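Overview (structure and organization)
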Amino acid sequence: MNPLYLIFGPIILSALTALMGEKRGGTVRTIALLLFTGMLFYSLELLSLLPATGYLDLGSYLPVAQFNFELSLKVDHLSVIMLILTSLLLILVTLSSWTMKQATAYFSLLILFAGPISGVFMSTDLLWFFIFWELTLVPMYFLVGVWGAEGRIYAAVKFFLYTHVASMLILLAFFLIYKETGTFDITLVKESMLASPVLIWWLLFVGFAVKMPIFPFHTWLPDAHVQAPAPISVLLAGVLLKMGAYAMIRMVVLMMPEQSENFAWVILVLGLVTLFYAGFMALYETHLKKMVAYSSISHMGLVTVAIATLSYSGLSAALFEMIGHALIISPLFLIAGFLHHKTGSWQMGDMGGLMQKAPYLSALFVLAGLAALGLPGTMGFIGELTILIASIKTYGFWLIVVALASMIGAGYIIWTFRRVIYGEMSETVKKSDFGMNRVEFAALVIFALLIIGFGLYPSALFDVINSAFASLAPQGGL
Amino acid sequence: MLGSFTLLFLAALVSLALHRTKWLKPVALAAVLGALVLTYLGSTIALNGFENSEAVRLFTMILEIVLLALLLHEEEDQTITQTLFIAAASVALLQSHTLLTFIISFEAVSIISFVLVSHIKTPAQAEGAVKMFIAGAIATGILLLGAALYLVGGGKLDAPLALETNMLSTAGLFVMLLGLFYKLTIVPMHGWAADTYALVRHSHAAILTGLAKTVVAVATFRLFAPFLADHLTMSVPMMATLAVITMTLGNFLALFQKRIARILAYSSIAHAGYMLLAFAAVKSGYAYTGLLYMAIAYIFMQSAVFLLLDILRKKYDIQTLEEIKGLAKQNKALAFFFTVQIFSLAGIPLLAGFLGKAVVFYAGVDAGLWLVVLIALLNSALSVGYYAWIVKHLYFDESEKALEAGQNRLQMISQSILLAGTLFFGIFASVVFAAGNHF
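Model, not experiment: these values are computed from the prediction. (Residues numbered from 1 in each chain as written. Chains lettered and ligands numbered in written order. Predicted model: local features only at pLDDT ≥ 70, side-chain atom pairs only at ≥ 80, totals over all residues. Heavy atoms only, no water.)

The helix and strand inventory of chain B stands at 19 helices and zero strands. For chain B, whose C-alpha radius of gyration is 20 Å, the value lies close to the compact-globule estimate of 22 Å for 439 residues. Seen through its C-alpha atoms, chain B measures out along the principal axes to roughly 65 × 50 × 45 Å. Every one of the 439 residues in chain B was classed for burial, and the buried ones make up 65%. Sequence-distant contacts, at least 24 apart, represent 82% of the contacts inside chain B between residues at least 6 apart. On chain B, roughly 14,300 Å² of surface is accessible, and the fraction owed to carbon and sulfur atoms is 69%. Charged side chains in chain B number 25 positive and 22 negative. The centres of these two groups are separated by 5 Å. (Helix = DSSP H or I, 4+ residues; strand = E, 2+ residues; numbered from the N terminus. Rg over C-alpha atoms; globule rule 2.2 N^0.38 Å. Buried < 20%, exposed > 50% of the residue type's maximum accessible area, 1.4 Å probe, protein only. Contact = heavy atoms within 4.5 Å. Areas by Shrake-Rupley, 256 points an atom, 1.4 Å probe, with all protein chains shown as cover. Lys, Arg positive; Asp, Glu negative; His and termini not counted. Charge placed at Lys NZ, Arg CZ, Asp CG, Glu CD.)

In structure tokens, the structure reads:
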């Protein structure tokens, strides 16, 4: 299959589905589901075609010879893993927004999102990467702005502006790279000598840090998360933040290794600050979804710490934690959104005793929560453990402090259980009806199965992940 | 030169006789189509003082495509005729190669623009027209003063600009540029622009800001770029400063406007600042392509948004952000066209506006002006604030009054043409790059 279909196909398809009219919402939903399933199968096929190390070339398109600018598509293990994760999440997002209002418009925007996000992970041309990177903003802007909660407009505009300003820094960095090397190809930049690597490194780092997000550039995320509808929060946490981490690994660490070595302490310090700051913010929150949002930022801090090790084991751990974070935080967001939908309140104080009224839902919430705090047997444990080991190996024993963050995590998660799941049944919970659509419930169950599955058999994932950084592997294995 | 210019000029003359008949619009459209074909075939007999090049040919073709859209949209007989006159003068201006032909064609474009806006129905339109006329008169004065200095310094009017000139003629050329910057709405020569663009009829504004301004920008760059490149120590700081001031002021003023037309008028000033960046980056080989790309993107986007405003004002009497609320639910097609062009202005990728800006900005980086480019990029990010705000009103808010649905078919075709242009040049860049090397 021509990979261009995967990128431009959804964009055209979304325009067609948008014209179908509000009555055909169900059809558009089915089309979206089929498309995302197709995407998943295509990415799995790519995985099987990949060489052991390096890139699989998918061809170059739309050449502009005078500018050395062409849509060159190459994938390696890192990008294929991201593609698989994205298409899986898109399927689950579709399932969990089964009963969304204004379905035609909603699902055609989701379809629109699928195109550029594939482009982000497949393109190795810096300028095309940037084009797709920017283009993902448009559907997200509408998804947050139209379907969000009361403060959605503020959140949508803030999200758009923040990430757009960051993108401008990235674009300038790409221009400087092109000026100094004469190429936009990621795979060629690494070998070439850059004249102003420090400036470029900082522009790229800050640009991607906003997307990840790393303290102090994170302030757009709690707003966006809280105001977005629950499935879109999943998309934000599971895909958009991962774009930031992916770009941080690919463009900052792998493309500019020397500068990253010089400034590794910056990444490490900011990662630690993010980890603890967001952790404490989550501890302090009484707003259920904000708590989840801050815990999400805290986990991205953990990923940042892992990236800061710049080592084979650290980056593998970071990638594992990225996937784990996407799978763990998503059910938390979905359940938080569902509880708000049913009880009309975000405050944990208004809830309580949920276990008696909705046992299955509570069980899933507890499972995801325990995974978030790193209970052995879940993905969260493997992620945190490998990151801890990798960072101690690189920076010495004092990085055991990372484990403290896990304790803070235990604090806010268990306290949340106490306030929401257990205890006396509150008036609000008594009044509400917690009936859930079966499809939406199925999505939650799939998340739960994946969390446990990869928690018990992490090697299934690690085999692929390790190939992603095989070129960094020290001689003689780990 | 002789080909499309003659055809357009003849059509303009003939159209004078066709007023109040049903033939006017078909004849005008046929003439523009014919001119488009002639330009495509490249059948040009160059007259003395005029010269054709690949970039000019491409831009003339795009100008004629946009003209098609303008004529399809327009319903008033007078405006159609005047559009044809402006088109003929614009073709001449684009191809002019010596100072004499440049000044004559430039004045022709200006004077027909004055005639265009002088079709006054309300006091507001009168204010807009008068402001433009006064600014235009001053600009002409400065332009001629500059030309006189250039002549005194030993320059020749009927030859291409001489590169190695003495102080007096160099000063003369810079003075001429300042006069031209009135037309390009460069700060501090921008005072008239926002009022005029917002107050005169929106379809006239589409011609003034979309068509005339872009043509003047391309022609000015074509004529003056070698001169600017020859005097880098003077031209780079001057152009860079003016560019920064223009884009920053334009964007900040646009942020605080309530009327959509004024927002877009100030955004047009900001875009003039981005174009001026190409003037500053003239020593880079990409500046030529950059300016051409920017002009192509700009002529599509700006004509489209002002024509859309014209539809909005005529059909629904909508002028402010408050009134545009919830339009997406009432009239999907209009809201869609508007949104795409607004996003293009904001520089969202896969639309012409993005690549236009990107190439100009790259030219800046290439010329070593990365700090100026950083300011431009942050400006561009700032501008997203008000563009996204317009889209927010269109899609996120609820409408307060019911609007009748239904479209004028010709106007929708006209919008589709402009949309196709914005999309095409947002994806297929090689056409422009190929032409940009032969400016």
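Here we take up the nonpolar core. Within the largest apolar cluster, 388 residues are counted, with the highest numbers of intra-cluster contacts made by Phe67, Phe69, Leu204 and Phe208 of chain A together with Phe224 and Phe338 of chain B. Counting residues per element, this core draws most heavily on helix H12 (residues 286–316) of chain B, which supplies 22 residues. Those residues within four positions of phenylalanine 69 of chain A in sequence are excluded, and the remaining contacts are Leu62, Pro63, Val64, Asp125, Leu127, Trp128, Ile131 and Phe184 of chain A together with Leu355 and Ala429 of chain B. (Core = buried A, V, L, I, M, F, W, Y, C linked by side-chain atoms within 4.5 Å.)

For the rest of this paragraph, the subject is the pairing of strand E1 (residues 56–64) of chain A. All names here are of chain A. Note: E1 against strand E2 (residues 69–75), five bridges, orientation antiparallel. If you follow aspartate 57 over to E2, its bridge partner there is lysine 74. With antiparallel pairing between neighbouring strands as the criterion, E1 and E2 make up a hairpin whose turn holds four residues, including asparagine 68 at a positive phi of roughly 55°. (Pairing = 2+ DSSP bridges.)

Note that side chains of opposite charge can pair when their charged atoms are close. Residues and elements named next belong to chain B. Scanning the entire structure with this criterion turns up 15 salt bridges over all chains. As a salt-bridge pair, arginine 201 and glutamate 74 come within 3.4 Å of each other at their nearest N and O atoms. Of this pair, arginine 201 sits in the loop between helix H8 (191–199) and helix H9 (202–230) while glutamate 74 sits in the loop between helix H3 (54–73) and helix H4 (77–95), and the two are 127 residues apart along the sequence. In this pair, the class of arginine 201 matches that of glutamate 74, namely buried. (Salt bridge = Lys/Arg side-chain N within 4 Å of Asp/Glu carboxyl O.)

With that out of the way, let us pick up the interface of chain B and chain A. Contacts between the two partners involve 39 residues from chain B and, on the opposite side, 36 residues from chain A. Taking both sides of the interface into account, the surface hidden between chain B and chain A amounts to around 3,400 Å²; carbon and sulfur atoms contribute 83%. Looking at the side of chain B facing chain A, the largest losses of area belong to Leu350, Tyr362 and Phe396 of chain B, adding up to 20% of the total buried there. Here chain B and chain A share zero salt bridges between them. (Buried area = accessible area lost by both parts, 1.4 Å probe.)

A separate point is a nonpolar patch on the surface. A grouping of Trp265, Val269, Val273 and Tyr277 of chain A is seen on the molecular surface, where their side chains present a nonpolar patch of about 360 Å² in accessible area. Following the sequence through the fold, tyrosine 277 of chain A ends up in helix H13 (residues 264–284). (Patch = residues over 30% accessible without salt bridge, like charges linked within 9 Å, V, L, I, M, F, W, Y side chains within 5 Å.)

Attention now moves to the side chain of threonine 214 of chain B. Along the polypeptide, threonine 214 of chain B turns up in helix H9. Excluding residues that lie within four positions of it along the chain, threonine 214 of chain B makes contacts with Phe59, Thr209, Met275, Ala295, Tyr298 and Ile299 of chain B.

We now examine helix H6 (residues 123–152) of chain B. All names here are of chain B. Spanning 30 residues, H6 covers 43 Å between terminal C-alpha atoms, matching the ideal 44 Å at 1.5 Å per step. The set of residues buried in H6 consists of Gln125, Gly128, Ala129, Met132, Ala135, Gly136, Ala139, Thr140, Leu143, Gly146, Ala147 and Tyr150. Residues of H6 that are buried in the fold lie against helix H5 (99–117), helix H7 (167–183), H8 and H9. Backbone geometry just downstream of H6 places glycine 154 in the positive-phi region, at approximately 110°. (Expected span 1.5 Å × (residues − 1).)

In this model, chain A carries an average pLDDT of 87, and 99% of its residues clear a pLDDT of 70 or more. Mean pLDDT values over the elements of chain A span from 79, in helix H20 (residues 427–431) of chain A, up to 92, in helix H5 (residues 126–135) of chain A. (pLDDT = per-residue confidence, 0-100.)

With that out of the way, let us pick up the UniProt feature "domain: NADH:quinone oxidoreductase/Mrp antiporter transmembrane" (unreviewed entry) in chain B. According to UniProt, the positions carrying the feature "domain: NADH:quinone oxidoreductase/Mrp antiporter transmembrane" (unreviewed entry) are residues 96–382 of chain B. The distance separating the terminal C-alpha atoms of residues 96–382 of chain B is 37 Å; by composition the span is 80% helix and 0% strand. (UniProt positions renumbered as here; feature names shortened; annotations may be inferred.)

This brings us to the packing of helix H21 (residues 438–456) of chain A against helix H22 (residues 458–468) of chain A. Residue and element names in this part refer to chain A. The interhelical angle for the contact between H21 and H22, taken along N-to-C directions, is 80°, at an axis separation of 5 Å. The angle between H21 and H22 places the two elements in the roughly perpendicular class. Across the interface between the two elements, Phe454, Gly455 and Leu456 from H21 touch Pro458, Ala460 and Leu461 from H22. By residue class, the composition of the contact of H21 with H22 is five nonpolar, one polar and no charged. (Axes fitted to C-alpha atoms, helices over the stretch in contact; angles between N-to-C directions. Parallel < 35°, antiparallel > 145°, perpendicular 65-115°, else oblique. Nonpolar A, V, L, I, M, F, W, Y, C, P; charged D, E, K, R; others polar.)

Here we come to the packing of helix H9 (residues 197–211) of chain A against helix H11 (residues 230–254) of chain A. Residues and elements named next belong to chain A. Interaxial distance between H9 and H11 falls to 7 Å at its minimum, and their mutual angle equals 160°. Classified by the angle between their axes, H9 and H11 sit roughly antiparallel to one another. Crossing angle aside, the handedness with which H9 passes H11 is left-handed. Side by side, H9 and H11 meet where Trp201, Leu204, Phe205, Phe208, Ala209 and Lys211 of the first sit next to Leu240, Leu241, Met243, Gly244, Ala247, Met248, Met251 and Val252 of the second. (Left-handed = near helix turned anticlockwise from the far one by under 90°.)

This part covers unusual backbone geometry. Proline 213 of chain A follows methionine 212 of chain A through a cis peptide bond whose omega is -10°. Structurally, proline 213 of chain A is set in the loop between H9 and helix H10 (220–227). That bond from valine 187 of chain B to proline 188 of chain B is cis: its omega, 5°, falls within 30 degrees of zero.

Right, let's talk about the environment of glycine 34 of chain B for a bit. Checked against the element boundaries, glycine 34 of chain B lands in helix H2 (residues 24–41). Along the chain, glycine 34 of chain B and leucine 93 of chain B lie 59 residues apart, while their C-alpha atoms are 19 Å from each other.

What follows concerns the packing of aromatic side chains. Counted under the stated rule, the structure contains 56 aromatic pairs over all chains. Consider the rings of phenylalanine 67 of chain A and tyrosine 362 of chain B, whose centres lie 5.2 Å apart with planes at 70°: the pair is edge-to-face. Of this pair, phenylalanine 67 of chain A sits in the loop between E1 and E2 while tyrosine 362 of chain B sits in helix H16 (residues 352–366), placing the two residues on different chains. Following the ring pairs from residue to residue traces out a cluster consisting of Phe8, Phe67, Phe69, Trp128, Phe132, Phe175, Tyr178 and Phe184 of chain A together with Tyr286, Tyr293, Tyr362 and Phe433 of chain B. The cationic tip of arginine 419 of chain A hangs over the ring face of tryptophan 415 of chain A; the distance from NZ or CZ to the ring centre is 3.9 Å. One residue, lysine 392 of chain B, lies across the ring of tryptophan 389 of chain B, its end atom 4.3 Å from the ring centre. (Phe/Tyr/Trp six-rings, centres within 6.5 Å; stacked < 30°, edge-to-face > 60°. Lys NZ or Arg CZ within 6 Å of the ring centre and 35° of its normal.)

Residue and element names in this part refer to chain B. Its 15 residues give helix H15 (residues 332–346) an end-to-end C-alpha distance of 21 Å, which sits within 8% of 21 Å, the value for a rise of 1.5 Å per residue. Burial within H15 is extensive, with twelve of its 15 residues counted as buried. Of all the residues in H15, the buried ones are Leu334, Ala335, Phe337, Phe338, Thr339, Val340, Gln341, Ile342, Phe343, Ser344, Leu345 and Ala346. Within two residues after H15, glycine 347 carries a phi angle of roughly 90°, on the positive side.

Attention now moves to the environment of alanine 212 of chain B. Residue and element names in this part refer to chain B. Relative to the elements of secondary structure, alanine 212 occurs in helix H9. Classification of alanine 212 by relative accessible area gives buried; the value is 2%. If we ignore the near neighbours within four places in the chain, the residues touching alanine 212 are Val109 and Ile207.

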